[in-house]
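Tertiary structure, described
Residues per chain are reported as follows:
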Amino acid sequence: MTVTPECALDHEVAIIGGGFSGIGAAILLEKAGFGDYLMIEDGDGVGGAWHWNTYPGVAVDIPSFSYQFSFEQMAGWSRVYAPGRELKAYAEHCVDKYDVRRRTRLNTRIVSAAFDEEGDFWRLGTADGDTITARHVVGATGVLTQPKLPEIAGIETYAGTVMHTARWDHDVDLAGKRVAVIGTGASAVQTIPSIAHEVEHLTVFQRTPIWCLPKLDSALPLPVRLAMRVPGTKRVSRLVSQTFVELTFPLAAHFHDVLPVAGVGERVGLNHLRRAVKDPEVREKLTPRYALGCKRPSFSNAYLQAFNRENVFLETAPIDEITPTGIRTADGTEHEVDVLVLATGFKVFEKGNMPAFSVTGVGGVDLEKWWEEHRFQAYQGVSVPGFPNFFAILGPYGYNGSSYFNLIETQMTHIVRCLRRARRTGATRVEVTPEANARYFEQVLGRRRHQVFFQPSCQTANSYYFDANGDVPFRPSPTLETMWTSSRFDLDDYRFEGAAAAS
Ligand code: NAP
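Residues numbered from 1 in each chain as written. Predicted model: local features only at pLDDT ≥ 70, side-chain atom pairs only at ≥ 80, totals over all residues. Heavy atoms only, no water.

Okay, empty space enclosed by the protein next. Evaluation of the coordinates by the stated rule reveals four cavities of 30 Å³ or more. Lining the largest cavity are 21 residues, with Trp371, Phe390, Ala392, Leu394 and Gly395 sitting closest to its centre. Contributing elements (two or more residues each) for the lining of the largest cavity: α10 (367-374) and β18 (390-392). Here the lining of the largest cavity is built from residues that sort into 14 nonpolar, seven polar and no charged. Approximately 50 Å³ is the volume found for the second largest cavity. In terms of lining residues, the second largest cavity is bounded by Ile210, Trp211, Cys212, Gly269, Leu270, Leu273, Leu286, Pro288 and Leu304. Tallying contributions element by element places helix α7 (residues 261-276) first for the lining of the second largest cavity, with three residues. (1 Å grid on protein atoms, 1.4 Å probe; cavity = no way out; pocket = protein on both sides within 12 Å on 5 of 7 lines; lining within 4 Å. Points joined across faces, edges and corners; volume = space filled by probe spheres on them. Helix = DSSP H or I, 4+ residues; strand = E, 2+ residues; numbered from the N terminus. Nonpolar A, V, L, I, M, F, W, Y, C, P; charged D, E, K, R; others polar.)

Next up, the structure:
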């Protein structure tokens, strides 16, 4: 075996993705002494979801005290749930403060990643035909990145303006227009009340109603923001916020049979609906028929209320066809539309998205095919046997549903431990053992009986949490357990190989 020396490679670590995962990976690698990295981003700016999603009303759904890095807590959020532009600004702030920008390459789409078995490194191909080599790769590509267009007959014939929420065109003036929104997920919940006052007529095409809970949101005026600077205040706010998030997301979802949180949440949601929507028929149509948590719930104090407006109409008849002038529903109604807004979500746990480029490991094995054959699985959501030196932030069974920032920091603890041992032992190849991976997979599957996802009512939820095999690749663990595990797992779950390690 001829191992390529570090100096012959472009970088020690290539980070693919310039969203918060990539930014967090970069900062934490640097802090751990791995300064020779390159963060590669397809878009023309950093921030990932917060760079791309600029639709009206875009804001975070997890309190900002939690939705930030633990090592870079801000005192200046304008609201408990910060608007999207503040998240984008926070991303820019982090890349500047931690000097990530000089190691960032924008406008660079990775189209392939192939492991070089002779040299123990990854060769990344870009859309421009360049090659970047790195000993290790951190996959920080996120999941909700590729907008999904609905498979509706005739969509290509529509002659008006079409835009997906994740690619909002701010040059389109909605004032006085007849607008249709297809979809009622988290993006629609924020978009609909933000545009309802401005358009002439808004028709919302709902397939499955979403659970909409009240949002405990408020402005954080200057005195509060100043008070946040008092030592210890940010820590306390974060602790309260983390406890709230833990109870309402991971614990509620993964310990559904033990904790009555979902039942309480459903009562809160139904009360919210009853108070918010005047027309009983509309209220009935907006009532979810599946358990809270089967699919991602939303939080809003304005979404349900928007349906009281005279210019907002909820259409629940299935869409039959999109025509050049609008939408025809199965009951034969023609809805004339000037602007069609697709709030139809993203590719999730499916082919072409995990990640969006081909990944070829040892023996020419393709990661997508491997997952097709073996179902989605990855050791602690980070590593897959046969794909050495490739570490994901958001692999299958990595994310437990808490703040995404917890995930990033937890996974980086895991990854940095691997890289440190590799450096210490001179190993050039770090690969999770098939046994450790199988043990973890068995463990996560063994816990699914506690999860909300496998309640019978979830079958009607149309939830993107489910993959083609009916699996829900979320990590069924409380956040404290994920943190503990990432810092304590047995490093012998990996094989460390290479010239020096073997000698
Ligand atoms: P989504 O949750 O996947 O919702 C897509 C919507 O489009 C669903 O209502 C779906 O109906 C509908 N739809 C899709 N294809 C359709 C078709 N052919 N005909 C009719 N309806 C169709 O997407 P999203 O709202 O963009 O949210 C995705 C995720 O992004 C969220 O779950 C969340 O994790 C994240 N997000 C977060 C925030 C935040 O933090 N504030 C904001 C926005 C998004 P069905 O339900 O019947 O499938």
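Next up on the list: the domain arrangement of the chain. Interfaces are frequently sized by the accessible area removed from exposure as the parts join. When the domains of the chain are assigned, the result is domain 1 (6-146 + 348-497) and domain 2 (155-211 + 257-290 + 295-342). Domain 1 and domain 2 are separated by 32 Å when their C-alpha centres are compared. Taken residue by residue, the interface counts 19 residues in domain 1 and 20 residues in domain 2. Taken over both partners, the interface formed by domain 1 and domain 2 buries close to 1800 Å², and the fraction arising from carbon and sulfur atoms is 46%. Where domain 1 packs against domain 2, one counts one salt bridge. A salt bridge links Arg296 to Asp61, with the nearest nitrogen and oxygen atoms 3.0 Å apart. For the side of domain 1 that touches domain 2, the residue count by class is eight nonpolar, nine polar and two charged. (Domains from an automatic or database assignment. Contact = heavy atoms within 4.5 Å. Buried area = accessible area lost by both parts, 1.4 Å probe. Salt bridge = Lys/Arg side-chain N within 4 Å of Asp/Glu carboxyl O.)

Bringing the sheet that holds strand β14 (residues 326-329) into the picture now. For sheets, the rule is that strands pair by backbone hydrogen bonds, running either parallel or antiparallel. Across the sheet, three strands lie side by side as β13-β14-β15; this open sheet has antiparallel pairing. Among the strands making up the open sheet, the edge pair consists of β13 (319-323) and β15 (334-336). With strand direction ignored, the average angle separating the axes of adjacent strands in the sheet is 20 degrees. As paired strands, β14 and β15 are joined by three bridges and run antiparallel to one another. (Pairing = 2+ DSSP bridges. Axes fitted to C-alpha atoms, helices over the stretch in contact; angles between N-to-C directions.)

Glancing now at the state of the cysteines. Counting across every chain of the model gives one disulfide. Paired through a disulfide, Cys294 and Cys458 show a sulfur-sulfur distance of 1.9 Å. One disulfide, between Cys294 and Cys458, carries an S-S torsion of -80 degrees and so falls in the left-handed class. One end of the pair, Cys294, is in the loop between α8 (280-285) and β11 (298-299); the other, Cys458, is in the loop between α12 (434-446) and α13 (479-488), and 164 residues separate them in sequence. (Disulfide = S-S within 2.5 Å.)

Another point: the site of the ligand. Taken together, 24 residues are adjacent to the ligand, and Ala59, Ser187, Thr208, Lys295 and Tyr464 come closest. Between the ligand and Arg207 there is a distance of 2.9 Å, counted from an oxygen atom to a side-chain nitrogen or oxygen. For the ligand, whose unbound accessible area comes to 900 Å², protein coverage reaches 86%. Element by element, the count of residues in the shell around the ligand is highest for helix α4 (residues 186-195), at three residues. Taken together, the residues of the shell around the ligand sort by class into 11 nonpolar, nine polar and four charged. Both domains that furnish three or more residues to the shell around the ligand are identified here as domain 1 (6-146 + 348-497) and domain 2 (155-211 + 257-290 + 295-342). (Near = heavy atom within 4 Å. Polar contact = N/O pair within 3.5 Å; in protein donor to acceptor, adjacent residues only side chain to side chain. Areas by Shrake-Rupley, 256 points an atom, 1.4 Å probe, with all protein chains shown as cover.)

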